[in-house]
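Chain by chain, the residues:
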Amino acid sequence: MSNRTALIPARGGSVGLRLKNLNLVGGHPLVAYVIRACIESEIFRDVVVSTDSALIAQVARKYGARAHNRDPHPALAQDEEPAEAVVENFLQGQTKRPDWVYWVQPTSPGIRPKDLRRLADLESQALRSVQAVSVVPHRFHEFNQRSRDRSGYLTFTHADERERARKRQDKVLRFAFAGVVGIKLSGKSEAIAEMFPTPSGAYILQDSCIVDVDSVEDLMLYEALLLTGQVWDPFVGRETREV
């Protein structure tokens with residue numbers, strides 16, 4: 001098995017939703033869902049939660065992950081913290097760098113073990129990263145977006161492109177990041193220059209997996225998806241769920 005590490009960034013603070021990563025969904029902390037997905041994918045030698053919170057560290061260990069105490073540097077404790085700095089902070093404390101490090105957002109609880117396995121299947125010598133993405137819905141496509149002019153009137157932002165591709169089938173698909181990126185590391189102790197180095201492979205997630213939790217409303221939505229069996233639930237009997 002390749003030497004892969006799953007790195008789950010989970011700060012204690014959050015501007016939008018207090019202690020977001022510890023909010024209960026289906027009776028379990030939000031961060032627990034991606035921890036279990038990483039562990040049950042069986043592709044990682046190490047599953048690590050990087051945090052500045054003793055409480056989150058305790059929860060991480062309870063659900064089977066290793067806790068990494070994030071450097072107390074102020075830049076790593078802010079909402080605008082650069083992801084590259086968080087990865088570097090973790091790697092600097094490792095005696096041996098993994099071949100691949102997977103950044104797995106705890107706010108993407110719909111990620112399933114099989115999604116992570118299929119991402120790993122994309123790894124190759126030619127690729128520098130692999131990432132989970134979702135298709136941008138037609139109504140949000142850039143050619144359908146509007147802007148307000150100086151008079152306050154709406155105009156199409158990409159009017160010329162829209163005129164050439166007015167039908168759905170004529171538009172080139174656009175993709176959005178869906179919570180997981182795997183980054184291939186060199187054997188040297190080089191700094192992570194970017195989170196999505198190219199060339200990058202893509203695995204397209206199905207719609208039901210795509211919930212980015214950033215508000216109470218998002219938590220309620222995901223809870224409803226769990227209750228109706230529309231998403232993978234790591235905390236029900238193994239025989240009744242899809243891994």
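One can find the structure itself at the top, above this paragraph.
Heads up: these notes are all about the structure in this document. Note that residues are indexed from 1 along each chain, following the sequence as it is written. Local features in this predicted model are restricted to residues of pLDDT 70 or higher, and side-chain atom pairs are both shown and tallied only at a pLDDT of 80 or more, whereas totals for entire chains, interfaces and linings draw on every residue. Think of the side-chain values as coming from all heavy atoms in the structure, minus any hydrogens and water.

1. Regarding the sheet that holds strand β5 (residues 66-69)
- Any two strands between which DSSP finds at least two bridges are classified as paired. Starting at the N terminus, helices and strands are each numbered in turn, a helix being any DSSP run of H or I of at least four residues and a strand any DSSP run of E of at least two. Ordered in space as β5-β4-β1-β6-β10-β7-β11, the seven strands form an open sheet in which the pairing is mixed. Each having just a single partner strand, β5 and β11 (200-204) make up the two edges of the open sheet. Recorded for the sheet is a direction-independent mean angle of 30 degrees between the axes of neighbouring strands.
- Pairing analysis gives four bridges linking strand β1 (residues 4-9) to strand β6 (residues 100-104), with the strands arranged parallel. Residue pairing in the sheet places T5 in a bridge with V101 of β6. Every axis corresponds to a line fitted to the C-alpha atoms, with the helix fit spanning only the stretch in contact, and the corresponding angles, defined between N-to-C directions, vary from 0 to 180 degrees.

2. Some points on the pairing of β5
- In this sheet, β5 lies alongside strand β4 (residues 46-51) in parallel orientation, the contact comprising four bridges. Within the sheet, the bridge partner assigned to V48 lies in β5 and is R66.
- Clockwise travel from the first strand over the helix to the second, with the strands pointing away from the viewer, marks a crossover as right-handed. Assessed by its sense of winding, the connection that carries the chain from β4 through helix α2 (residues 54-62) to β5 is right-handed.

3. With respect to the pattern of salt bridges
- Each reported salt bridge corresponds to a side-chain nitrogen of Lys or Arg within 4 Å of a carboxyl oxygen of Asp or Glu. Under the criterion given, the structure shown has six salt bridges.
- The closest approach of N and O atoms between D214 and K20, which form a salt bridge, is 3.0 Å. Of the two residues, D214 sits in the loop between β11 and α6 (216-227) while K20 sits in the loop between β1 and β2 (24-25), which places them 194 residues apart along the sequence.
- Working definition: with a 1.4 Å probe on protein chains only, accessible area under 20% of the residue-type maximum means buried, over 50% means exposed, and in between means partly exposed. Among the residues examined, D214 registers a relative accessible area of 41% and is labelled partly exposed.
- We classify K20 as buried; its relative accessible area is 13%.
- Measuring nitrogen to oxygen at the nearest pair gives 2.2 Å for the salt bridge that ties R174 to E142. You can see R174 sitting in the loop between α5 (159-164) and β10 (175-184) and its partner E142 sitting in the loop between β7 (129-135) and β8 (146-148), a full 32 residues away along the chain.
- R174 gets classed as partly exposed once you look at its relative accessible area, which sits at 31%.

Coordinates in, geometry out; function isn't part of it.
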